[in-house]
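Chain by chain, the residues:
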Amino acid sequence: MMNNRSIAFQLSIYILATVTIIVAIVVYLNYNYSNKLLMQKIEENAVHQSDKVTRSIVHYVATAQEVTRNVSYQVSYYKSHGTLETFLREVLHRNPILSGYRLELLGETENEYLSIFNKGNGEFLVMNDDEFCRSPKMEEIKEIVKNQEEGLWSEPFYCPLDTSLLVISFTKAIHSGEGKLLGYLSGQINLNFLNEAVSGLNIIKGGFSFILSKDGIFLAHPNSTWVMNQNIYEIQEKIFPENREKYESLIRSHQEGSGFAYPSVFNYQKAWFHFSTVPYTYWTIVIVIPAKQLFAELDLLLRNIILISVVGLLVILLIIYLIFRRMLSPLAAVAKSIKRLSSGGTFLSDQKNEIRILASSLNDLQAQYTKLLNEQNQSKKDKRKIEKDLKSAKEIQTAIIPPEFKPSKKHPEIDLYASLHPAETIGGDLYDYFFVDSTHLLFTIGDVSGKGIPAALFMAVAHTLVKSKSVGLQPHQIIEQVNNELCLQNANQNFLTLFLGILNIETGELNYCNAAHNYPYILSTDQQVTALEKTHGLPIGVYSSKGYNGDTGFLKSGDSLILYSDGITDCKNEDGEFFGAKRLQQCINQIPVDSPAKKSVQIILNHIVDFRGDADQSDDISLMVIHYKGKPTL
């Protein structure tokens, strides 16, 4: 009967049979290897989830440790000025991670105590009592830290003021400049956040997680009665009928591992667990999942594969039949079919994530810089290390600044040149320019408060945020979003004046927003110098959710737009006289209207150098000139 069918039908059946066999083999192999792959996926997810909690805990612990260490170096100063209590209140207010401070100052006859507890809503409880949030092992801790620069974390304990408040404290010895022991400072963290951290984990339905201290005591558990009352090393034997010693050894030695147990929470039914260590504290986070839930995803996956395979085979049969039927049609029909088939395809997205690698680097850079700053005053050797890191930071900052704009046939309307001269090795000025699409040039120039590494780091974060927020937004919208982001990560209270514009290179339309930056100037073809004397809000990085407006103008063919930082107008000569806005306008007025952008920049910089003479450069100098040539005529 098959021979009575058309050739197209027979070929379709033969190919379909071949494809069916191949798909069946793939499904069979998939089914046999799914257990291994699924367990690997679950373990990776468990590692990912535990890493989330680990990062949260490390953030609390590392921040509290660093703040307490820095405060310990300043206790003597504020004590001598009678503002110690006010200083500690301000530190607690600015660092809500810390719940309180306990200070013990050694005296010749008796010790002096000061304890401050942040009750929230701006209220503080102040006590002069040795018992305030005192660790049960405080005497042992003091004996360990009294002759060292490093501090020590306590084991968790309940605060005597509130027996429901579980805390840990970081104790640091206070020494004079001559090395004399002056006392001890302890910063406390409220551990209630641990339950919030573990409850936020995205675990397979029916699973749960908990946290152990380094001695095996439960610090967070879905059953709150277990917290500080149960020890993992004292649970029933039938929970770990096999490999009990192995798991205990791994947990005690702060290693990562996984396996199977029979927890009482699941009525001693088999469950899979994974555990890993939290840095600094050597706590252990454990994720537990019922074994019966492990293969639920596998069953769903297998059903989906079978369903997709059946649908795919039917689609393949239809496609093969249509293709072969058309191949046997007249040549014109075949050519038309091939053209239609060749016009199809799979479109892959080209989108890529760079804000989050810089915040950590920068955050890493920020962390490296913070560490470098803390070590700066200790020895001349540290100073050489700082100079080496400054050189690296300068290279990084140079890499962030865009390369020199090269005129091209693609954008003949624009001639652009910019220059940056930091007052120190690195600075806080920034500029950038790039095309957001084929007709719109985004350009920006800004000035971060201060100079040096803090300003450079803040500049780098702002530079990255501007670039990441530039798609599909108006200048004032970009500035609003960058402002909101900077306010979230502005621990040093820097701020940034910023001018941001988007120029339509075909029409000359200029949309711009000025966040308290210096007014740019426009040099027109009739040698007139006009300032864009509008500002649209405060510097960014100061107040979050601050609204900004924008304005629109036009550049005519032959106009030049000059943007600059206050390092130009605030430049001083040897007599202490400022260069000022008036001299800058006169300088711009002397620029030939047909001068290339690079030559215009050099003319202004030459005037600055001649005016300053032998005086030192007091501020970062940034300068950008955009010469708009207009749409070329054909």
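Residues numbered from 1 in each chain as written. Predicted model: local features only at pLDDT ≥ 70, side-chain atom pairs only at ≥ 80, totals over all residues. Heavy atoms only, no water.

### As for the confidence of the model for the chain
Logical step 1: Mean pLDDT over the chain works out to 80, with 81% of the residues at or above the 70 mark.
Logical step 2: Across residues 331-365 the pLDDT falls below 50, and counting only partners more than four positions away or on other chains, this stretch makes 20 contacts in the model. (pLDDT = per-residue confidence, 0-100. Contact = heavy atoms within 4.5 Å.)

### Considering the packing of aromatic side chains
Logical step 1: Applying the stated criterion to the full structure yields 13 aromatic pairs.
Logical step 2: Ring geometry for Phe210 versus Phe218: centroids 5.1 Å apart, planes at 50°, classification tilted.
Logical step 3: Phe210 gets classed as buried once you look at its relative accessible area, which sits at 7%.
Logical step 4: The exposure class assigned to Phe218 is buried, which follows from its relative accessible area of 1%.
Logical step 5: With a centroid separation of 6.1 Å and 75° between ring planes, the pair formed by Phe405 and Tyr433 is classed as edge-to-face. Residue Phe405 is located in the loop between helix 11 (380-400) and strand 13 (414-421), and its partner Tyr433 is located in strand 14 (residues 429-435); the two are separated by 28 residues in the primary sequence. Accessibility classification places Phe405 together with Tyr433 in one group, the buried group.
Logical step 6: Among the aromatic side chains, those forming a connected cluster through ring pairs are Phe208, Phe210, Phe218 and Trp226.
Logical step 7: It is Lys238 that lies over the ring of Tyr268; its NZ or CZ is 3.8 Å from the centre.
Logical step 8: The ring of Phe260 carries Lys270 above its face, with NZ or CZ at 4.5 Å from the centroid. (Phe/Tyr/Trp six-rings, centres within 6.5 Å; stacked < 30°, edge-to-face > 60°. Buried < 20%, exposed > 50% of the residue type's maximum accessible area, 1.4 Å probe, protein only. Helix = DSSP H or I, 4+ residues; strand = E, 2+ residues; numbered from the N terminus. Lys NZ or Arg CZ within 6 Å of the ring centre and 35° of its normal.)

### Quick look at helix 16 (residues 597-612)
The α-helix advances 3.6 residues per turn, and as a result positions three or four apart in sequence lie on the same side.
Logical step 1: Counted at 1.5 Å a residue, the expected span for helix 16 with its 16 residues is 22 Å, and the 23 Å between its end C-alpha atoms agrees.
Logical step 2: Taken together, the buried positions of helix 16 are Ala597, Ser600, Val601, Ile603, Ile604, Leu605, Ile608, Phe611 and Arg612.
Logical step 3: Of the surrounding elements, those touching the buried residues of helix 16 are strand 13, strand 21 (560-564), helix 14 (566-569), helix 15 (580-589) and strand 22 (621-628).
Logical step 4: Phi turns positive, to about 65°, at Gly613, one or two residues after helix 16. (Expected span 1.5 Å × (residues − 1).)

### What about the sheet that holds strand 14?
One key point about sheets: their strands pair by backbone hydrogen bonds, in either a parallel or an antiparallel sense.
Logical step 1: Spatially, 5 strands are ordered 14-15-16-17-20 in an open sheet, and the strand pairing comes out antiparallel. Unpaired on one side and paired on the other, strand 14 and strand 20 (551-554) mark the two borders of the sheet. Between one strand and the next, the sheet's axes are offset by a mean angle of 15°, whatever the strand orientation.
Logical step 2: Sheet topology places strand 16 (residues 496-504) next to strand 17 (residues 509-515); 6 bridges connect them, and they run antiparallel. Across the sheet, Leu503 pairs through a bridge with Leu510, a residue of strand 17.
Logical step 3: Taken strand by strand, helix 13 (residues 475-488) contacts strand 15 (440-448), strand 16 and strand 17, and its axis lies near 150° from that of strand 16. (Pairing = 2+ DSSP bridges. Axes fitted to C-alpha atoms, helices over the stretch in contact; angles between N-to-C directions.)

### Quick notes on a negative patch on the surface
Logical step 1: Together, Glu43, Glu44, Asp51 and Glu256 make up a region of like negative charge exposed at the surface.
Logical step 2: For Glu256, the location among the structural elements is in the loop between helix 6 (244-252) and strand 10 (257-261).
Logical step 3: The class of Glu256 is partly exposed, set by a relative accessible area of 47%. (Patch = residues over 30% accessible without salt bridge, like charges linked within 9 Å, V, L, I, M, F, W, Y side chains within 5 Å. Areas by Shrake-Rupley, 256 points an atom, 1.4 Å probe, with all protein chains shown as cover. Salt bridge = Lys/Arg side-chain N within 4 Å of Asp/Glu carboxyl O. Lys, Arg positive; Asp, Glu negative; His and termini not counted. Charge placed at Lys NZ, Arg CZ, Asp CG, Glu CD.)

### Some remarks on the pairing of strand 1 (residues 98-105)
Here is the key point about a regular strand: its side chains alternate between the two faces of the sheet.
Logical step 1: Of all 8 residues in strand 1, 8 are buried, a share of seventy percent or more.
Logical step 2: Examined bridge by bridge, strand 1 and strand 7 (residues 181-190) share 7 bridges and lie antiparallel to one another. Residue pairing in the sheet places Glu104 in a bridge with Tyr184 of strand 7.
Logical step 3: By the bridge criterion, 6 bridges tie strand 1 to strand 2 (residues 112-120) in an arrangement that is antiparallel. Residue pairing for strand 2: Arg102 is matched across the bridge by Ser115.
Logical step 4: Hairpin connection between strand 1 and strand 2: a loop of 6 residues separates the two successive antiparallel strands.

### Observations regarding empty space enclosed by the protein
Logical step 1: The computed volume of the largest cavity comes to approximately 310 Å³.
Logical step 2: In this structure, the largest cavity is lined by 23 residues; those nearest its centre are Phe210, Ile232, Ile235, Ile239 and Phe240.
Logical step 3: Looking at the lining of the largest cavity, the elements with two or more residues in it are strand 8 (208-212), helix 6, strand 11 (271-278) and strand 12 (283-290).
Logical step 4: Ranked by residues supplied to the lining of the largest cavity, first place goes to helix 6 with 4 residues.
Logical step 5: Within the lining of the largest cavity, the residues separate by chemical class into 19 nonpolar, 2 polar and 2 charged. (1 Å grid on protein atoms, 1.4 Å probe; cavity = no way out; pocket = protein on both sides within 12 Å on 5 of 7 lines; lining within 4 Å. Points joined across faces, edges and corners; volume = space filled by probe spheres on them. Nonpolar A, V, L, I, M, F, W, Y, C, P; charged D, E, K, R; others polar.)

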